[in-house]
Structure formats: structure tokens, C-alpha cells
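Listed here are the chains, written in short residue letters.
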Amino acid sequence: METLESELTCPICLELFEDPLLLPCAHSLCFNCAHRILVSHCSTSKPLESISAFQCPTCRYVITLNHRGLEGLKRNVTLQNIIDRFQKASLSGPNSPTESRRLQPQRPYTATISGTIAGTIGGGGGGGTSGSSARGSPATSSHSHPHANHTNHTNHTNANHSPAVVAKMDPRISCQFCEQDPPREAVKTCVTCEVSYCDRCLRATHPNKKPFTSHRLVEPVPDTHIRGLTCLEHENEKVNMYCLVDDQLICALCKLVGRHREHQVSSLTERFDKLKAYQVSPGRVSDAVMEASKTSAAQTLENNLTNLVKRNSELENQMAKLIQICQQVEVNTAMHEAKLVEECDELVEIIRQRKQVIAVKIKESKVMKLRKLAQQIANCRQCLERSSALITQAEQSLKENDHARFLQTARNVAERVAMATASSQVLIPDVNLNEAFDNFALDFSREKKILEGLDYLTAPNPPSIRDELCTASHDTITVHWTSEDEFSVTSYELQYTIYTGQTNFISLYNSADSWMIVPNIKQNHYTVHGLQSGTRYIFFVKAINQAGSRNSEPARLKTNNHYYAVRLCPSIVQPVHKASVMKLRKLAQQIANCRQCLERSSALITQAEQSLKENDHARFLQTARNVAERVAMATASSQVLIPDVNLNEAFDNFALDFSREKKILEGLDYLTAPNPPSIRDELCTASHDTITVHWTSEDEFSVTSYELQYTIYTGQTNFISLYNSADSWMIVPNIKQNHYTVHGLQSGTRYIFFVKAINQAGSRNSEPARLKTNSQPFKLDPKTAHKKLRLSNDCLTMEKDESSLKKSHTPERFSGTGSYGAAGNVFIDSGCHYWEVLLGASTWYAIGVAYKSAPKNEWSGKNSSSWVFSRCNNNFMVRHDGKEMLVEASLQLRRLGVLLDYDNNSLSFYDAMNSQHIHTFEVSFLLPVVPTFMIWNKSVMILSGLPVPDFVDVVASDLQEQQQQQMGLCRQESPYLTGMKTCH
């Protein structure tokens, strides 16, 4: 009967088949079990209907499903009929096998799969059990149960045969099968059924006949212990295997359909025996660790425990040092308080002395000013008396009726009156009448701010090594760093050594023998020479001042391979007390942390001892790894137990250093107006519409702001009068830098700039500076180019091209026969502009300017709206309104300079290479003009937006002298004038 029942048992749920499916491999499977296999394959993003195949749990044959899924498989009707007859034959009362199976709690179906996939485990190389039949009896399958692995693998046939692993009996464990309330006390626990029974329920459910004789009965144990550990990935599934790849406990479902399907696994027994092939005696931890060192896991645990015990000893030493530091803090606090009173008294004395000195200076200035003003008053009174006498004499002279006497005295009196009138300016006092002692100011705001910020000096913040700025060669490394407290750092110290791969930088730093030290570095970078090529180094940077020092974070840098090349005393006493309290509080917290870590370490050591005594395979494997990780973590993180306060410095990283404040207070004086700034012409830059002005000031630290003033230069040389005409000036106030860029200026225009330096005592102006914007830049306009002209991509070069005919006709385009021209893309209506034309090998061209209304079907210069300079082979001429005039020019002319001074009504042409003037048109421009260019052979190139060359002003001065010599000649009303007007 038992053999028949085993043949009718599902290999998944180990129950009689229910609605069995006939698989293509001739094996059978419950419909619900097959459905659960499909459910285990699907995920949240993968629906159940999308699974088209699964493996037979008996032979691993791949079962392919059609669109109907499991409904597409045939039902094993014959097997179902056999099961029905078997069940009818077995219905002989409550002790029947079927009824007993129905009464016991339902077991998770994967808990007994291990027999089914035993061959898979062996095939995976895990060294697990093999050869077990997938269709064996429940008793046979029970050998793969997690708790069955803890026994000596001998089948027990009665209640007196208990397994090797039995938890401590709980006298209050109740029967889980009783229907009465409260349930009776349990007398046995069935490991196979995972249920605790009282005596009555045990006789009713476990008669002394098969298959119940194979069930293992033990003393009552808690339900949570007998059920064992559950899988983390599959809910309610027990762990019964050990994955060697991921080093974790898994269930049979993980191996069958989970992510451990292809991993190498081992049985719990084999893994347990390998990790713990001995029984740890309840002796000392050191003895247990010595025995556990026979395996790699125990060896790791031994090392970690040893390190943890060593750290505990270090912590005890740290606590003793911290207590000693607390005592030293008290002593140092009293010392600093006494020094604070002494330093503040000295500062007060310095202020008192400076007060006396400044008071004496003010009195002396007062005496000097009054003396000077008294002298001025005396001079004025004397001049008034002389003037009154002269006026009286003049009146008497006017009353003289005698002609001879009048003529004799009138000339003398007239000369004396004229001389007195001319010399009256000496009566004006040298002292500014509008400023009576106002050019001095007592401004101690900076000193007050410094005194309000008086505090004890602390050790500087740790510097930061900038890896991205560091460079290296085969034998040098240049280290760059930054510091937040750069002004309080007196020097830096660089320390470096070869990096050996050690990750504990604290221990590495404490081994001072291997470190190289470079002291007293003043910059924030340093180059280390004589290093090994292709070697990695560890670098620290220490920031130092009088209060102490702090190290940067370590930086690993590598050389290249060799082949590559105030409130005074009362306000500071309180911070000192506060710092003392904070230090003591911090040290107390460190002591508490050390004590707490010691307690945790002791608890962890105790837990490690208990883990070594665990005999339950699954629980040992689960807890051993956890405890080992915690011990390793505690050992690795023990460096955080080191106090933040340097053990060698008890309140020594603070210092009272008022040397800077003393120096400032000793220099206390009244504030004067700043010296005039100086505009640096060589640093100033310009574009066609902007000018950037740069200046310097000797009193940069006393200047609160600058003010920039500018206006168009009209040629007026009297800058004082020009400055007083405030209507035309543009003002830019409150400038904090020593440079400023003015936008929106006219192109080709000269401007006058002043810079005013301002502070609370007054202001002073710089000398004026004349700066000029560049000429208006432009290019050739393709819309105006003749069809037989070809322009370059940058529209700066034009070339005669007879084959270029692919241009549409527009009103702006040059279109006449022989009018091979193009115009610029700007119209100029103001300013002075200069551009040059590179003529190359061209010998026939016409270059000038024209109104927009100038005809486009004839040569430029043939009308009254255009003015050009032209060359035809060896003849040079200027042309306007159809009139031509020959001019002298070199046949080697290669660069033609054009100067358009629209505001002064002139258009000039120059030989730019030889700095020679050719001709100037004087024209009263009525409309905006545009540059025009015509060629009849070769090509030309334009250069625009250029500053006016220096030789233009020189040539203009020479021509003006020539014109002045010809002032007597009658000036002709003609546009062809050889004179030249300079561009201002």
C-alpha cells in the first residue's frame, strides 16, 4: 500500500495527485503545482500569459506551452481514476493515512523539493546529495528537510529516539491540534508534521503503523524553532541549501527557478561540517578561536576578534589620556585668561597714546591754518589800503584841469591801476575758502571693526589638496592646495611617503619613520624632486600658525613612467570660558563614546562565543556570517573612536596673538582725501562702440569708490573749462574696481575721461585722458555686388569673374555695363573712420564713398553723390560729379588707406605702406555715406575697423602749416583740395 501511495504522489507537493496533467515526457504533475511553477517564473513586468515553457521537475525536460497555457496540456484521466480508487480503499477510519494527512497542517510545497532536485544540486558541482528518487516516500524525502540534516541520519521509529538537535524544552508549550480552549499541554513535537501534540491527539493522529512510524517525535519545542529559517526571496519557504557563489542560505525554489539556478550549491550538512568539524568547548574565547582557525572563516573571525580586543586595550589607554587632558584644560584656561587681560591692557594703552598724538597734530594744524589765514588777512588789508590810496589818486588825477599836469600824471596812474588790477589774484588765499579743516576726517571704522572682531587665534582649518591642479613628471610631483584661513596661516608643511596600499591612513600617518617632511613653505604649492618614476605617493599638507596646525585629507599622486617625460577684555573672557566648557564637554563625550564602544565590543565578543557553540546547521551559517561581518566592521571602524582633539594639545591650539591689531592701532591717524588716481593709457582698450578704462591709485586701501566721467572731445585744450561745463559729461558712480567698460559709444570718436577717487575725507580727480573708439567695422554687401563679381565667404575680398552670372537683379545691385562694383554693409553718419584696401596686382579700380541714392548703373564719381580715388593702368586720379583730376601716386601702391572724417567733412586717401598723403576731398556731407569699391581686373581685399594710424596726424600737421603759409591766396570753391584736416 505504501509503495502504491508513493507512485501516486506529486513530486512537488508530495501529496496525492490532484487534477494531474500528463506531460510530454510521460511524467505527471498536479495542475496547481504546475501553475505555481509558472507563477514563480513571472515578475511584475512580465505577465503569466507570456510564459511559454517550463521544466519538468522530475527529468528537467522542457515543456513547451501553446497559447492556451496549462489548459493546452492533456489531463491524465487514468491516473486520476487510480487515485480515486486508492482513496476509497483507504477510507477505514480516522487513523487512515489519507485522513491523517488531511488533519496535519499544510506544508509549503517547496520544503520537500530537495529530493526532486537532488540530481540538479549534484550536477551544479555543489557536492550535495545525489541519487535520491524524486518519487520516493515522504519518509525518504524527509532526509532533505532542514532539521533532518541535524540528525545522525538514522530513522527513529518511536518517541524515545530523539534527534541530535533539540531545543530547550518549554513546559508551557500547548497542543496545536486540540479543539478545546485552553488546549492541553503538549507532550511531543512531530518534526515531520511540524506540529506539537498532547498525549490524546498524538495517539489519534500517529498510530503505530506506516507511514507514521517514520515520523520523528521529539520533546516539545517552540513552533518557530522547529519550523526552521525561511527564505528571504520566497515567502514561507524554508532554507535547505547553501549557495557557494553568493555565500547565502537558499531554498529549493531558488535553485529550481530562482536567480541561483546556475550557481554552485551545497547541502547544509556538508557546509556545516566544513565550517565547524568540531564541538567548541565552553572554555575561553582564545581556545575556541584557536580551534576555529582550522577553517578560513574561523581564521578571519579569530583575526577580527584579536584586533577588537587590541582596540579595547587602546581605548582604555585613550580614556586615561582624555582624563589627563581634562585636567590640563583647566590649567591652560587660567593661563589664557591672565594673558588675555595683559594683552587687552596693552591695546588700551596703545589707543591712549595714539589719542594724545592725534590731538597734538590737530592743534598744530589749527595753529598753522590760523597763522596762514591771519597772514592772508593782513595781505588783503594791506592791498585794500594800497588800492584805496590808488583810487583816491586816480580820482584826483581825473579832476585835474591843467592839461600839462594831467598828461604828466595820467599815464603813471593808468599804469599803476592796470598793474594793480592784473596782480589782484595774489590776494586770493592759498587755503580753499570752502574747506575749513574739511579735508581731514577721523575715520576709525576699519580699526573699530578689527577691535570688535578681537578673538583668540585658533589653529587654521585643514587645507585641501587640489588633485586637478597637481602635475607630475617621471621624478617630480607638484602639489597644489587651498586653505580657507589663508591669511591666518604662517607656513605650510608638506609630508609624503610611498603608498603601500594601506587603507588605514591614521595608522600609516603615525608611522613617522617613513615620512619625508618639507617645512616652512610659504606658497600654496610645492614641487618635490628626486622621486621614483611610476610610483604612487601619499601626500599630507599641514597648515600652521601660532595656535597649532591641522592636516589635510591624504592625496594619492603618482609620478609618470620614466618614458614620459572689538570688545576688549570682557568680550573675550567669555569666549575663553565658553571654549573651555566646550572642550571639557567634548572630552566628556569622547570618554562616554569610548566607554560605550567598550561595552558594545564586549557584547560582540560574547555573541561571537555563542555563535561558535551553535550546532544548528542553518542557524550557524546564518549567524556566523553576520557576527563575522559585525566583528570585521567594528575592527575596521575602530578608528572613529580616536578623539577629535589632539591628545598632545590640551587647549594649546588657541593663542592670543594681537600683533596685527597692535600694528594697526599704532598707525591710527586722521584720514585725508586720496591721492589722484592715474589712468593707464597703455592698458586701456577699445572697440568700435566700447572703451575699457584702466587706472591705478596709490591710496587704494583708503578709497571707498571711484567715479568715472567722460564726454566727447571737441578739440578744446582748456580742460578746466571743459570740466566745469557739467552738462555734457556722463558720470558712472560707485565703481569698486580699478577698471570699467563704457558701452554705447560712437564709433571712430575721441573721448575725454576723468577718474575720481573718493573716500570720507573728500575726492580728487585724475589727469584727463583722451581715448578713441575704433572705426566702424564693415564687410562687402553681397546684395549690392555686380553679377560679374565674386565675393569670398567672409565678404572681405571681391574678384572680377566673367563667369559669375547667378545673381538675381535688385535695386541695390550695381548693374550697369562696366560698373563692376560693390558697397559696404554699413551707412556712416558720424565719427572718424579709417579702413584700408589691399590692391594686390589690380591696376584698374575706383575706391571711395557714396550716398545711398547714388546711381548703380554708372561708374562711381560720375555723379554728385559719390567721391572716389581711381587708377587706370598708370594714371591715378580723383573723381566727383563727372570731373576728374590727376594726382601723384606710386605705381607700387599696394595698400590704399581711406580716412572718412564725417564730422569735419573730409575724405582723405593715403599710401598706407609709405605713410604718404595722396588727396583730400572737403565735402559738406548731407546724408549718410557707404564705402564703395569698383574693379575691372584682378581682386582687392578690405580691412575695416582699424584705428587711425599715427602718420595721419603727422601728415595733417604738415599740411596745416602749408595752408597757413598760403593764407593770402584766394581759396577756390572746388572739391579737389590738396589740404588735409585732421581727424579729432
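Residues numbered from 1 in each chain as written. Predicted model: local features only at pLDDT ≥ 70, side-chain atom pairs only at ≥ 80, totals over all residues. Heavy atoms only, no water.

### A few points about the overall build of the protein
When helices and strands are tallied, the protein shows 20 helices and 47 strands. Summing over all exposed atoms, the protein offers an accessible surface of approximately 54000 Å²; the carbon and sulfur share of this is 51%. (Helix = DSSP H or I, 4+ residues; strand = E, 2+ residues; numbered from the N terminus. Areas by Shrake-Rupley, 256 points an atom, 1.4 Å probe, with all protein chains shown as cover.)

### What to know about the packing of aromatic side chains
Under the defined criterion, the tally for this structure stands at 23 aromatic pairs. On the numbers, 5.4 Å between centres and 85 degrees between planes, the contact of Phe 778 with Trp 835 is edge-to-face. With a gap of 57 residues between them, Phe 778 in the loop between strand 33 (769-772) and strand 34 (789-791) and Trp 835 in strand 37 (residues 832-838) connect regions that are remote in the sequence. For Phe 778, a relative accessible area of 3% translates into the label buried. A ring pair is formed by Tyr 902 and Phe 925, whose centres lie 5.2 Å apart and whose planes are at 15 degrees; its orientation type is stacked. Residue Tyr 902 is found in the loop between strand 42 (895-901) and strand 43 (906-911), and its partner Phe 925 is found in the loop between strand 44 (916-922) and strand 45 (929-935); the two are separated by 23 residues along the sequence. The exposure class of Tyr 902 is buried, given its relative accessible area of 10%. Among the aromatic side chains, those forming a connected cluster through ring pairs are Tyr 851, Trp 867, Tyr 902 and Phe 925. The residue whose ring lies beneath Lys 800 is Tyr 820, and the NZ or CZ to ring-centre distance is 4.1 Å. Lys 856 extends its terminal NZ or CZ atom over the ring of Phe 814, reaching a point 5.9 Å from the ring centre. (Phe/Tyr/Trp six-rings, centres within 6.5 Å; stacked < 30°, edge-to-face > 60°. Buried < 20%, exposed > 50% of the residue type's maximum accessible area, 1.4 Å probe, protein only. Lys NZ or Arg CZ within 6 Å of the ring centre and 35° of its normal.)

### A look at the confidence of the model for the protein
Segments scoring low in pLDDT should not have their predicted coordinates read at a detailed level. When the pLDDT values of the protein are averaged, the result is 76; 75% of them are 70 or greater. Of all the helices and strands in the protein, helix 6 (residues 138-141) carries the lowest mean pLDDT, 34, while strand 27 (residues 691-696) carries the highest, 95. Below pLDDT 50 for its whole length, residues 639-649 participates in 22 contacts with residues either more than four positions away or in separate chains. Taken together, the stretch residues 967-984 has pLDDT below 50 and engages in 52 contacts with residues farther than four places along the chain or on a different chain. (pLDDT = per-residue confidence, 0-100. Contact = heavy atoms within 4.5 Å.)

### Structural notes on helix 18 (residues 659-666)
Helical geometry note: an α-helix holds 3.6 residues per turn, so side chains three or four residues apart project in the same direction. Looking at helix 18, one finds that the buried residues are Glu 661, Lys 662, Ile 664 and Leu 665. All buried residues of helix 18 project into a common sector of 165 degrees when viewed along the axis, lining one side. Residues of helix 18 that are exposed and angled more than 90 degrees away from the buried face: Arg 660 and Lys 663. (Arc of directions from axis to C-beta.)

### Examining the nonpolar core
Grouped burial of nonpolar side chains is what soluble globular proteins tend to show. Within the largest apolar cluster, 48 residues are counted, with the highest numbers of intra-cluster contacts made by Cys 10, Leu 23, Leu 29, Phe 54 and Leu 70. No other element matches the five residues that helix 2 (residues 31-41) contributes to this core. Shared between two domains, this core takes at least three residues from each, and those domains are domain 1 (1-42 + 49-90) and domain 2 (188-275). Listed in part, the 46 residues of the second largest apolar core include Phe 778, Val 837, Tyr 902 and Phe 909. (Core = buried A, V, L, I, M, F, W, Y, C linked by side-chain atoms within 4.5 Å. Domains from an automatic or database assignment.)

### What about the pattern of salt bridges?
All told, the structure shown has 16 salt bridges when counted by the stated rule. A salt bridge links Arg 203 to Asp 199; the nearest nitrogen and oxygen atoms lie 2.1 Å apart. One end of the pair is Arg 203 and the other is Asp 199, both in helix 7 (residues 199-205) and four residues apart, which spans about a single turn. A relative accessible area of 53% places Arg 203 in the exposed class. A residue is classified by how much of its surface remains accessible, and Asp 199, at 40% relative accessible area, is partly exposed. The closest approach of N and O atoms between Arg 405 and Asp 402, which form a salt bridge, is 3.9 Å. Through salt bridges with shared partners, one network takes in Asp 19, Glu 71 and Arg 75. (Salt bridge = Lys/Arg side-chain N within 4 Å of Asp/Glu carboxyl O.)

### Here we look at the packing of helix 14 (residues 445-452) against helix 18
In a pair of packed helices, the angle between the axes and the distance between the axes together describe the arrangement. At a closest axis distance of 11 Å, the pairing of helix 14 and helix 18 adopts a crossing angle of 155 degrees. When the interaxial angle is binned, helix 14 and helix 18 end up roughly antiparallel. Note on packing geometry: the crossing formed by helix 14 with helix 18 is left-handed. For the pair helix 14 and helix 18, the contacting residues are Arg 446, Glu 447, Ile 450 and Leu 451 in the first and Arg 660, Glu 661, Ile 664 and Leu 665 in the second. Of the residues that constitute the contact of helix 14 with helix 18, the class distribution is four nonpolar, no polar and four charged. (Axes fitted to C-alpha atoms, helices over the stretch in contact; angles between N-to-C directions. Parallel < 35°, antiparallel > 145°, perpendicular 65-115°, else oblique. Left-handed = near helix turned anticlockwise from the far one by under 90°. Nonpolar A, V, L, I, M, F, W, Y, C, P; charged D, E, K, R; others polar.)

### Focus on the sheet that holds strand 2 (residues 28-30)
Within a sheet, neighbouring strands are paired by backbone hydrogen bonds and run either parallel or antiparallel to one another. Spatial ordering of the open sheet is given by 2-1-5, a layout of three strands whose pairing is antiparallel. The strands lining the two open edges of the sheet, one partner per strand, are strand 2 and strand 5 (74-75). As judged from the three bridges shared by strand 1 (residues 20-22) and strand 2, these two strands associate in the antiparallel manner. Each bridged residue has a counterpart across the sheet, and for Pro 20 the counterpart in strand 2 is Cys 30. Each of strand 1, strand 2 and strand 5 touches helix 2; the most contacted strand, strand 2, lies at about 80 degrees to it. (Pairing = 2+ DSSP bridges.)

### Let's talk about the environment of Leu 232
You can see Leu 232 is positioned in the loop between helix 8 (223-226) and strand 9 (241-243). With 19 residues separating them in the primary sequence, Leu 232 and Cys 251 have C-alpha atoms 8.9 Å apart.

### Concerning the pairing of strand 46 (residues 939-946)
Sheet topology places strand 35 (residues 797-800) next to strand 46; three bridges connect them, and they run antiparallel. Directly across from Glu 799, in strand 46, lies its bridge partner Ser 939. Sheet topology places strand 37 next to strand 46; four bridges connect them, and they run antiparallel. Paired with Leu 838 across the bridge in strand 46 is Met 941.

### Quick notes on the sheet that holds strand 36 (residues 821-823)
Spatially, the six strands line up as an open sheet ordered 36-45-38-39-40-41, and their pairing is antiparallel. If you trace the sheet from one side to the other, it starts and ends with strand 36 and strand 41 (883-886), each paired once. Adjacent strand axes in the sheet meet at a mean angle of 20 degrees, parallel and antiparallel pairs treated alike. Judged from the six bridges that link them, strand 39 (residues 866-872) and strand 40 (residues 875-880) form a sheet pairing that is antiparallel.

### Here we look at helix 2
For helix 2, the full list of buried residues reads Phe 31, Cys 33, Ala 34, Ile 37 and Leu 38. Summarising the contacts, the buried residues of helix 2 are in contact with strand 1, strand 2, strand 3 (53-55) and strand 5.

### Section: unusual backbone geometry
For the bond running from Asp 181 to Pro 182, omega is 0 degrees, close enough to zero to count as cis. Examined against the element boundaries, Pro 182 turns out to sit in the loop between helix 6 and strand 6 (188-190). Backbone geometry at Asn 520 places phi at a positive 55 degrees, although glycine is not the residue there. Of note, Asn 905 is a non-glycine position whose phi angle comes to about 60 degrees, a positive value. Relative to the helices and strands, Asn 905 resides in the loop between strand 42 and strand 43.

### Some words on the side chain of Lys 856
Mapped onto the fold, Lys 856 is located in the loop between strand 38 (844-851) and strand 39. As a buried residue without a salt bridge, Lys 856 has its nearest oppositely charged side chain in Glu 812, at a separation of 8.3 Å. Of the polar contacts made by the side chain of Lys 856, one reaches the backbone oxygen of Lys 852; its length is 3.4 Å. Polar contacts involving the side chain of Lys 856 include one to the main-chain carbonyl oxygen of Ala 854, which spans 3.1 Å. Look past the residues within four positions of Lys 856 in its chain and what remains in contact with it is Pro 811, Glu 812, Arg 813, Phe 814, Ser 815, Gly 816 and Ser 819. (Lys, Arg positive; Asp, Glu negative; His and termini not counted. Polar contact = N/O pair within 3.5 Å; in protein donor to acceptor, adjacent residues only side chain to side chain.)

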